[in-house]
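Chain and residue survey
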Amino acid sequence: EEMRCAGPLRLWAIAHAFNTGYSVEKVHEITRIDRWFLGKLFSVHQARKRMESMGSLSALKEAGPEFLLRVKQLGFCDRQIGKAVKDTDLAVMQLRAGWNVRPCVKQVDTLAAEFPAQTNYLYLTYVGSQNDVVPLRTEKLAAHKDSLYDTAFGKGRLQEESGFNLPTKKSGVQRVQTSPSFSPRKSAIKTEEPPPPLDLNGEAQKPSFIVLGSGCYRIGASVEFDWSSVSAVRTLRETGHRAMVINCNPETVSTDYDESDRLYFEELTLETVLEICNFEQPAGTIVSVGGQTPNNLAPKLDKMGIHILGTAAQNIDRAEDRSKFSAMCDELGIDQPEWSEFVKMEEALSFAHMVGFPVLVRPSYVLSGAAMRVIDNEDQLKAFLGTSAVVEQEFPVVISKYIEHAREIEFDGIGRDGQVINYAISEHVEDAGTHSGDATLLLPSQRLHLETHRRVMHIAAQLCKALNISGPFNVQFMSQEGSSSSVRAVKVIECNVRASRTVPFVSKTLNVNFIELATRVMLKQDVKPSPVYLYDFEFVACKAPMFSFQRLSGSDPHVGVEMQSTGEVACFGQNANEAFLKALIASGVKVFFEPCGILLSLGPQDHKETILKYLPFLDEMGFKIYATTGTASYIEANAPKRKGQRISVSPLSNAVTQKRPNVLSAMADKSVKMVICTPSSRDSGGATAGYFLRRKALESQLTLLVNLQQALMFIDALYEKWNVERQGGEFWTLDSWQECHRIG
């Protein structure tokens, strides 16, 4: 059935059919796919079966270089070949290098073979006999392409004077000193290069650099890192260097034809990057601006002799490996949630019972909270630890105590030889436990004690020094805020030695391009620190996520430790409430400012208790308060009042009963236009009454808030707007980015 109907699993079904003995003709009868295409797929199947029958690398050697070349032409990567012959991808790579079985560099034909195409769009192929281009360091570029490059922040040069300055070109500014020349490090895999076909007229080689992009399009690893990649490329070109990009996402700016001197439209794998580096022999490779995918390659690239710019690969590994990082924090005396690395299931269960549920299971080298899970009981722990996402991890998996009701703080910084030279501290509106990509951020932070700020800065400086960071880094903290400093605690969640997804937001809010600064640091230029004093700001910026739940049929619109947002927006305001409301509206949330029906459905008991003191605000603004039966019973039992009068709450039956009035009928007749519904469980797998309520509210295009802290700030912001306008004031400010920074 999978073969007969076109779908995402059809190709795998065809492969399985070939594997079980189906012929091309039989598959054609079922699928009606042209025999020519099926014949090509069958060739791939036959090659795989032959390699599996060999059973060893020595048998592959006996088959000779012609067979290996044919296998590569069919599209098998070294890892797949190694798996088929029961060996490693490195062994296959070394065998290829010995036989000089290497790909050619070809230009993408943008003119459909009508005219000769001279483009900087390149790709690798084993179906070719010669390269279309010479290495970039030896290529003679046109004068207009080999000049300084204007960045999005004007000339891109860091202003040495304090304050915020007009980000445009200034006449009479001397050229910034370029970085010292790097000598290309020879790759561990050596091969003879063909003589260059172009005459360079004795011209000296120019240093060229490779910037690794964010890789294929997926949630959490795409355009939010693309700004950093582009900023790094622009800074390289602005400082007189040649820059190349390796990326395979056509939706990004980094893959535009005029952003770099050369674009390799290829996947970000160890094999591909090594082959490109072997051909180009770059002076250095930047891995810290494309997100987690290139960062994961850093240790392996370093072992293969590739020169990594910025923080050393072994220090990247110390930060990314959960076990090594937690051990380093213990040595430095940095507070963190209780943790343990596990090998056996019994050890994991013993630790979880010792610290008490809930616990957080955290694999290493992951982005967007992938394979990360909050576990509430023993059964969930056993089930999750048995999944392939955990079992097949190459690096240690760590279990730590999950701390509830803690505030999350983001520290984005730039280090130079272990010293912090610029930073920004932002806070999440939501409590810790919501992925940073799904959280609402405020910059400058608004609710943190000065003592908390000081501790965050001190710990970040410790980590920067211990990891000898040169370039961008991000540290995530959790803070348990108390009335007294003696009961406040700042704990480290994790440290990423790379640009975070909040760097574009921070850079545009502060009017300081963090990636330009980081790139100049990685080029070993003499960069002056340019700290920004956040308490001097006259505005607040808020970053809010955008979700695609409405387009994903049946999905549960709630957030957790694994990222689900597909976009983000940022807005400025004169205070946090204005910026928050602007960002919420800009993210696509429909907000009703006039009095209407608002439905409360709060799962956890502490959520019901917290909402009580906000009910007078809703009542005073004229909102009619509805609640599901459980929430309504709790509110009635506590009898909240405003000016001595009990606040009226209308109960509604839940979404899975036939009783009326219920939440579905109230949403259908528009009695309810806003819904605050917090899940009672972190597991969204069950078809609960809360799930049906959230789904129906989303499909009815009502205001839907699923996080308590976000909902409380929403009520606060609505009340401030209502109060200001009631007194004849103007709540909204309409200032451009330039006006906020007093530019122009």
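That block above? That's the structure.
Just so it is clear, the model here is predicted, and its values are computed rather than measured. (Residues numbered from 1 in each chain as written. Predicted model: local features only at pLDDT ≥ 70, side-chain atom pairs only at ≥ 80, totals over all residues. Heavy atoms only, no water.)

**Looking at the overall build of the protein chain**
What counts is decided by this rule: Under the scheme used here, helices are H or I runs from DSSP no shorter than 4 residues and strands are E runs no shorter than 2 residues, and both carry numbers assigned from the N terminus. Accessible surface is estimated by sampling points in the Shrake-Rupley manner with a 1.4 Å probe; for residues, cover comes only from the protein chains shown.
For the protein chain, the count of helices and strands is 26 helices and 24 strands. A total of about 33,900 Å² of accessible surface is found on the protein chain, and carbon and sulfur atoms cover 50% of it.

**Details of the sheet that holds strand 17 (residues 567-573)**
Spelled out, the test is: By the convention used here, strands pair only if DSSP detects at least 2 bridges between them. Geometry is summarised by axes, namely lines fitted to C-alpha atoms with helices restricted to the contacting stretch, and by angles between N-to-C directions that run from 0 to 180 degrees. Residue contacts follow a heavy-atom distance rule, with two residues in contact if any of their heavy atoms lie within 4.5 Å.
If you trace the 7 strands from one edge of the open sheet to the other, you get 15-14-11-12-13-16-17, paired in antiparallel fashion. Looking at which strands have only one partner, the edges of the open sheet turn out to be strand 15 (489-496) and strand 17. For this sheet the average axis-to-axis angle between neighbouring strands, irrespective of direction, equals 25 degrees. As judged from the 7 bridges shared by strand 16 (residues 540-546) and strand 17, these two strands associate in the antiparallel manner. Residue pairing in the sheet places A544 in a bridge with V569 of strand 17. Contacts from helix 25 (residues 708-726) reach strand 12 (419-431) and strand 13 (441-443) within the one sheet, and its direction differs from that of strand 12 by about 85 degrees.

**Observations regarding the packing of aromatic side chains**
Counted only if it meets this: Ring pairs shown here join Phe, Tyr and Trp side chains whose ring centres sit within 6.5 Å, with only the six-membered ring taken for Trp; geometry is labelled stacked below 30 degrees between planes, edge-to-face above 60, and tilted in between. Throughout this description, buried means an accessible area under 20% of the type-specific maximum (1.4 Å probe, protein chains only), exposed means over 50%, and partly exposed covers the range between. Geometrically, a charge over a ring is one whose NZ (Lys) or CZ (Arg) sits within 6 Å of the ring centre while staying within 35 degrees of the ring normal.
In this structure the tally under the stated criterion is 13 aromatic pairs. Seen from their ring centres, W36 and F37 are 5.0 Å apart, and the 90 degrees between their planes marks the pair as edge-to-face. The class of W36 is exposed, set by a relative accessible area of 55%. Aromatic rings pair up to connect Y614, F617, Y719 and W722 into one cluster. Sitting over the face of the ring of Y22, K26 holds its NZ or CZ atom 4.4 Å from the ring centroid. Positioned above the aromatic ring of Y626 is the side chain of K624, whose terminal nitrogen or guanidinium carbon lies 5.3 Å from the ring centre.

**Observations concerning the environment of F209**
Relative to the helices and strands, F209 is located in strand 3 (residues 208-212). Look at F209 and you get buried, because its relative accessible area is 0%. Between the C-alpha atom of F209 and that of M244, which follows or precedes it by 35 residues, the distance is 6.1 Å.

**Observations concerning the environment of Q205**
You can see Q205 is positioned in the loop between strand 2 (121-125) and strand 3. Placed 67 residues apart in sequence, Q205 and T138 show a C-alpha to C-alpha distance of 5.3 Å.

**Here we look at the side chain of E280**
In plain terms, the rule: Polar contact is defined as a pair of N or O atoms within 3.5 Å, subject to the rule that within protein one atom must be able to donate a hydrogen and the other to accept it, and that residues adjacent in sequence are counted only when both atoms are side-chain atoms.
Mapped onto the fold, E280 is located in helix 9 (residues 270-280). Polar contacts involving the side chain of E280 include one to the side chain of Y264, which spans 2.5 Å. When neighbours within four sequence positions are excluded, E280 is seen to be in contact with P135, L136, R137, M244, R262 and Y264.

**So, the state of the cysteines**
Test applied: Throughout, disulfides are identified as pairs of cysteine sulfur atoms within 2.5 Å of each other.
Taken as a whole and judged by the stated rule, the model has 0 disulfides. With no disulfide partner, C329 has as its closest neighbouring cysteine sulfur the one in C495, 8.2 Å distant. Given the relative accessible area of 0%, C329 is considered buried.

**Quick look at the nonpolar core**
This is how the line gets drawn: The criterion is simple. A nonpolar core is a set of buried Ala, Val, Leu, Ile, Met, Phe, Trp, Tyr and Cys residues joined through side-chain atoms within 4.5 Å.
Counting residues in hydrophobic clusters, the biggest one holds 51 residues, and the most contacted among them are L212, Y264, L301, F411, L463 and F477. Examining the composition of this core, we find that 6 residues originate from one element, helix 9, more than from any other. For Y264, the residues in contact, after removing those within four places along its chain, are V105, L122, L124, M244, V245, I246, N247, I276, F279 and E280. Grouped together as the second largest cluster of nonpolar side chains are 46 residues, I598, A627, L705 and M713 included.

**Brief notes about the pattern of salt bridges**
We count it as follows: The term salt bridge refers to a pairing of a side-chain nitrogen on Lys or Arg with a carboxyl oxygen on Asp or Glu at a separation within 4 Å.
All chains considered together, the criterion is met by 28 salt bridges. D317 is paired through a salt bridge with K324; the nearest N and O atoms lie 2.5 Å apart. Judged by its relative accessible area of 11%, D317 falls in the buried class. Under the relative-accessibility criterion, K324 is labelled partly exposed at 41%. Connected through salt bridges with shared partners, the residues K72, D78, R96, R102, E271 and E275 form a single ionic network.

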